[in-house]
Amino acid sequence: MIESQKYKFEPGAMSIIQMGEELIGHPSTAINELVKNGYDADADKCWVYTQYDKDINRNFLIIKDNGLGMKTDTLFGSWLKPSISSKRDDDREKRRSEIYERKFLGSKGIGRLASMALGRYLTVITKQANEKEYNWLRIDREIFRVENLLKEISFPGGTIRDYTQLFKESELFENQDIVPNGILINLLTTKPFNDFKEGTMIILQNLDDSVKTIIEDEVDFKELDEMSFFKSLRDLITPLRLNKEIQDELVTQNILSKSQNIDNGAGTFELFFGSNFINNKIKGQVDFIQVEPSPIIQFYDYRVFGKVNNHHEVQGKYLCQRFKDELIEEDFVLDASFLLSDEDIKIRKILENDDIPDKYKESNLGEFYFDIRVYDLDEDSKDELAKKLKTSGRREATQALSKYLGLKISKNGFGVKPYGEEEQDWLGLGAKRVSQHQVTIGPNQIIGYAFLYSPQNDGLSEKTNREGFFENKAFITFKKIIGGILKETGQRRAKFRLTNKLGRIVRSKLERPDATKFIEYILQNHKNSPELIRITKEFVKDSENAYDNIEDSLSFSQRLASLGTGLELVYHELSQPLNSMGASLDSLITNVNKIQEEILKKRILERADNISISLNLLETLRNSLQPAIGRSIARTFKPFETFKKVGYLFENIMADNDIRFVPQDIQTLEIKEVEYVFWISFLNIINNAVYWLKQSEGEKAIFFTHENPNIFVLSNSGPKIPEGELENIFEYGITGKKEKNATGLGLAFTRSMLSTRGWEIKAENREYGPAFLIYRP
């Protein structure tokens, strides 16, 4: 028999400081935690005040709320037990406050540790409405910097009628290295501190170096709304204001049947900020500024808002108010297949199985809402924004916008750090914009929020230090969905801008500047400057060489991209004949020693026939790729035969969707040209046609004809192309497809490749559907 005894941890005194400093990543996070504690305590109002002075003894920070306060056995009991929280409950729906039934924002029991990271001396004063005296504690964090057990450390506390006495000369100061602060004492006699009937007030003295450094770095050159603590509080409170607005809109649009309540609707929560750097109207009294969202969120150019349901499907609205007095409103609907990979969808279906325990389902995402506003940065857009904000010009309007930019996340009405903060591009939009400038929305153009709630979004697990979510499956899925929403928004915005010729006008990728005209201008206007003419000629020559190199590189990239599309199709189509060959071979090996000679001979011949058929299929596929891998030289060929080769790659998918090819009087036509260019063109046009025909009803057909040897027409019976997009669809990155792998490159490559051989392409709508015309001008 194995003998055993019971043991337990006995934490050291330093653990308190270590947890306080290491669990909270930034001082503003610690302040936010204390504000959220006030919200959880059913406060209507909360005040944050910072006092900075070069004299360390004159610095302090106050966070006060008018919530329910803590009774004696709470402050001197559970509050002194770090990481133990009275807000935890196995039933997440019961995690609500007493009066306003607010969903708790804090449940980790780290708020008290957060406060200790802000300054050396922490004084907690709290009172409930029915109590006559205040409960208080004062903690000097330096007493924990010893090699003792935590249970051996003690600090003063008790009850008192006049809490201001805690900061005046008394025996308390004799045992602590702290001196009376006259500024603090005087401040406590003014509003709102002298009106302290219930609630909690936390006062930090001898502020930590991390707090002082932030204030010192910002106070001399930044506006109030640019300062870290104020911005952090604004980011914290803004989604609380927007939470009700977005849900009311979704109910009005019949996207939601009812609102997701984060409280019972009976209370409000107002947040105020004050500092000794704010000029006060009345000397000796603080003019607190209410922390509110900026009106700039109403002055967007584009907006997309809606919900993502439990099946990861998006339903919402897209708005465009880029031009004054012209509002465009469209439905915004995305399927999960557009947003997620096949593996993501498979995992989601597994998680929805009722037999899986709840603790494993927690990695699922759940329904949530989003509201994203996008701002153009064109000169006219900046002028309009300046007018609405009543600023003096574009620069000031841009600066105002920059203060609020970011795609932020809120949970139960309050912002989650650090998402959307300055230089926190958590979706990598900046990198995407470099590669797809036209269709990607940059991080410097967005003010937006994703709204999460408990318990349905608790699969997104917040880190203990309150610095974001763990990168679990739910959060990865969440990022993919938000990324997909932005991708579709970027596509719609890009099409609108192209149609209305906004921004830089994109010229053909192969159109070169007129070098001859430029040299003639130099010759006519600078005849007496031979050196300038010589340098100019050399520059133009070098530019032409550079254009040649770029053109060659682009041509090679186009070849690889289109070849990749063809090979992907071949990969899938080869699976059936290869499986057949493998099965036949296995059968031959298995039966050769088991069956009598005549029967064996018959079986072998049958299997050989199967192999022969499969090899013929492989040979046909190989021939269909021949134009893509051949040399790029002009030769005589029949476009219809090239069309058939490409069509074979789509044979199975067309058969599965009842799509048919209809050639019209083109079977015998011959032309002399580089076949590869037409193979590329047919591949991309047919690929697009098949995508749209799959989603169509009625007859599904792709037609191929010619109007003369210099005009070929590929059309189909699918949905027509919106008139405003007939030219835009040939721009790089523009696509109307709702699938995750859509790049918007196929038709752009097609136009570019055709132009290298003197051909052009355009789209038009005919009576029965869209048509693509390949013609030589």
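Just so you know, these numbers come straight off a predicted model, no measurement behind them. (Residues numbered from 1 in each chain as written. Predicted model: local features only at pLDDT ≥ 70, side-chain atom pairs only at ≥ 80, totals over all residues. Heavy atoms only, no water.)

Right, let's talk about the overall build of the chain for a bit. The helix and strand inventory of the chain stands at 22 helices and 22 strands. Counting contacts in the chain only where the partners sit at least 6 residues apart, residues at least 24 apart contribute 72% of the total. For the chain, the exposed surface amounts to about 39,400 Å²; the carbon and sulfur share of it is 49%. (Helix = DSSP H or I, 4+ residues; strand = E, 2+ residues; numbered from the N terminus. Contact = heavy atoms within 4.5 Å. Areas by Shrake-Rupley, 256 points an atom, 1.4 Å probe, with all protein chains shown as cover.)

Going from Lys191 to Pro192, the amide bond is cis rather than trans, its omega being 0°. By secondary structure assignment, the location of Pro192 is in the loop between α6 (182-187) and β6 (199-207). A cis geometry characterises the amide bond from Ser454 onward to Pro455, with omega recorded as 0°. Located in the positive-phi region is Asn412, a residue other than glycine, with phi close to 55°. Assignment of secondary structure puts Asn412 in the loop between β13 (406-411) and β14 (414-416).

Ordered in space as β11-β10-β9-β12-β15-β13-β14, the seven strands form an open sheet in which the pairing is mixed. If you trace the sheet from one side to the other, it starts and ends with β11 (326-334) and β14, each paired once. Each strand axis lies, on average, 20° off the axis of its neighbour in the sheet, ignoring direction. Two elements, strand β9 (residues 302-308) and strand β12 (residues 368-374), share seven bridges in a ladder whose sense is antiparallel. Bridge pairing in β12 places Val308 opposite Phe368. (Pairing = 2+ DSSP bridges. Axes fitted to C-alpha atoms, helices over the stretch in contact; angles between N-to-C directions.)

Here the focus is the sheet that holds strand β1 (residues 45-51). Sheets are built from strands paired through backbone hydrogen bonds, the pairs being either parallel or antiparallel. Taking strand neighbours across the sheet as the criterion, the eight strands line up as β5-β4-β3-β6-β2-β1-β7-β8 in an open arrangement whose pairing is mixed. A strand with exactly one partner marks an edge of an open sheet, and here the two such strands are β5 (157-160) and β8 (289-290). Here helix α2 (residues 27-40) sits on the sheet and contacts β1, β2 (60-65), β6 and β7 (270-275); the angle it forms with β2, its principal contact strand, is near 25°. Strands β1, β7 and β8 of the sheet are contacted by helix α8 (residues 228-252), whose axis makes an angle of about 170° with β7.

As a rule of thumb, soluble globular proteins bury nonpolar side chains together. Val35, Val48 and Phe269 are the most contacted members of the largest nonpolar core, which has 68 residues in total. Beyond its immediate stretch of four places on either side in the chain, Val35 contacts Cys46, Val48, Ile63, Leu233, Leu236, Phe269 and Leu271. Formed by 40 residues, the second largest nonpolar core is a distinct cluster that contains Trp679, Ala689, Met753 and Phe772. (Core = buried A, V, L, I, M, F, W, Y, C linked by side-chain atoms within 4.5 Å. Buried < 20%, exposed > 50% of the residue type's maximum accessible area, 1.4 Å probe, protein only.)

The next thing to look at is the pattern of salt bridges. Under the defined criterion, the tally for this structure stands at 40 salt bridges. Glu142 is the partner of Arg141 in a salt bridge, and the nearest nitrogen-oxygen pair spans 3.7 Å. A salt bridge links Lys495 to Glu725, with the shortest nitrogen-to-oxygen separation between them at 3.5 Å. Of this pair, Lys495 sits in helix α15 (residues 473-499) while Glu725 sits in the loop between β20 (711-716) and α22 (746-756), and the two are 230 residues apart along the sequence. For Lys495, a relative accessible area of 12% corresponds to the buried category. Shared partners join several salt bridges into a network, and the residues in it are Arg322, Asp376, Asp378, Asp380, Arg493 and Arg497. (Salt bridge = Lys/Arg side-chain N within 4 Å of Asp/Glu carboxyl O.)

Along β20, six of the six residues are buried, which leaves the element largely enclosed by surrounding structure. Alternating residues of β20 divide into Ile711, Val713 and Ser715 and Phe712, Leu714 and Asn716, and every residue in both groups is buried. In terms of strand pairing, strand β19 (residues 701-708) meets β20 through six bridges, oriented antiparallel. Each bridged residue has a counterpart across the sheet, and for Phe703 the counterpart in β20 is Ser715.

Between helix α19 (residues 639-649) and helix α21 (residues 675-694), the shortest axis-to-axis distance is 9 Å and the interhelical angle comes to 45°. It follows that α19 is oblique to α21 by the angle criterion. Considering only the axes of α19 and α21, their crossing is right-handed. Along its contact with α19, which presents Pro639, Thr642, Phe643, Lys645, Val646 and Leu649, the element α21 presents Glu675, Phe678, Trp679, Phe682, Leu683 and Ile686. Among the residues forming the contact of α19 with α21, the class breakdown is nine nonpolar, one polar and two charged. (Parallel < 35°, antiparallel > 145°, perpendicular 65-115°, else oblique. Left-handed = near helix turned anticlockwise from the far one by under 90°. Nonpolar A, V, L, I, M, F, W, Y, C, P; charged D, E, K, R; others polar.)

Moving on to the pairing of β12. Within β12, seven of the seven residues are buried, leaving the element largely enclosed by the surrounding structure. Alternating positions in β12 separate into two faces, Phe368, Phe370, Ile372 and Val374 on one and Tyr369, Asp371 and Arg373 on the other, with burial throughout. Sheet analysis places β12 next to strand β15 (residues 446-452), joined by six bridges and oriented antiparallel. Its bridge partner being in β15, Tyr369 is matched across the sheet by Phe451.

Take the packing of aromatic side chains next. Overall, the coordinates contain 38 aromatic pairs when judged by the stated rule. Geometrically, the ring pair formed by Phe643 and Phe682 is edge-to-face, given 6.0 Å between the ring centres and 80° between the ring planes. Pair noted here: Phe643 is in helix α19 and Phe682 is in helix α21, with a separation of 39 residues, a long-range link. For the pair formed by Phe643 and Phe682, the shared burial category is buried. The ring of Phe305 has Arg303 lying over it, and the distance from NZ or CZ to the ring centre is 4.1 Å. The side chain of Lys762 reaches across the aromatic face of Tyr775, ending 5.7 Å from its centre. (Phe/Tyr/Trp six-rings, centres within 6.5 Å; stacked < 30°, edge-to-face > 60°. Lys NZ or Arg CZ within 6 Å of the ring centre and 35° of its normal.)

Moving on, we get to the environment of Asp371. Residue position: Asp371 is located in strand β12. Looking at Asp371, the relative accessible area reads 3%, which means it is buried. When residues no more than four places from it in sequence are discounted, the contact partners of Asp371 are Ile246, Arg303, Val304, Phe305, Ile447, Gly448, Tyr449 and Phe451. Here Arg303 takes part through its side chain, which lies 2.9 Å from a polar atom of the side chain of Asp371. There is a polar contact of 2.8 Å between the side chain of Asp371 and the side chain of Arg373. (Polar contact = N/O pair within 3.5 Å; in protein donor to acceptor, adjacent residues only side chain to side chain.)

A few words now on the environment of Ser275. In this fold, Ser275 is placed in strand β7. Here Ser275 falls in the buried class, since its relative accessible area comes to 5%. Among the polar contacts listed, one links the side chain of Ser275 to the side chain of Thr50, at a separation of 3.5 Å.

Such coordinate-based values are descriptive only and should not be taken to indicate function.
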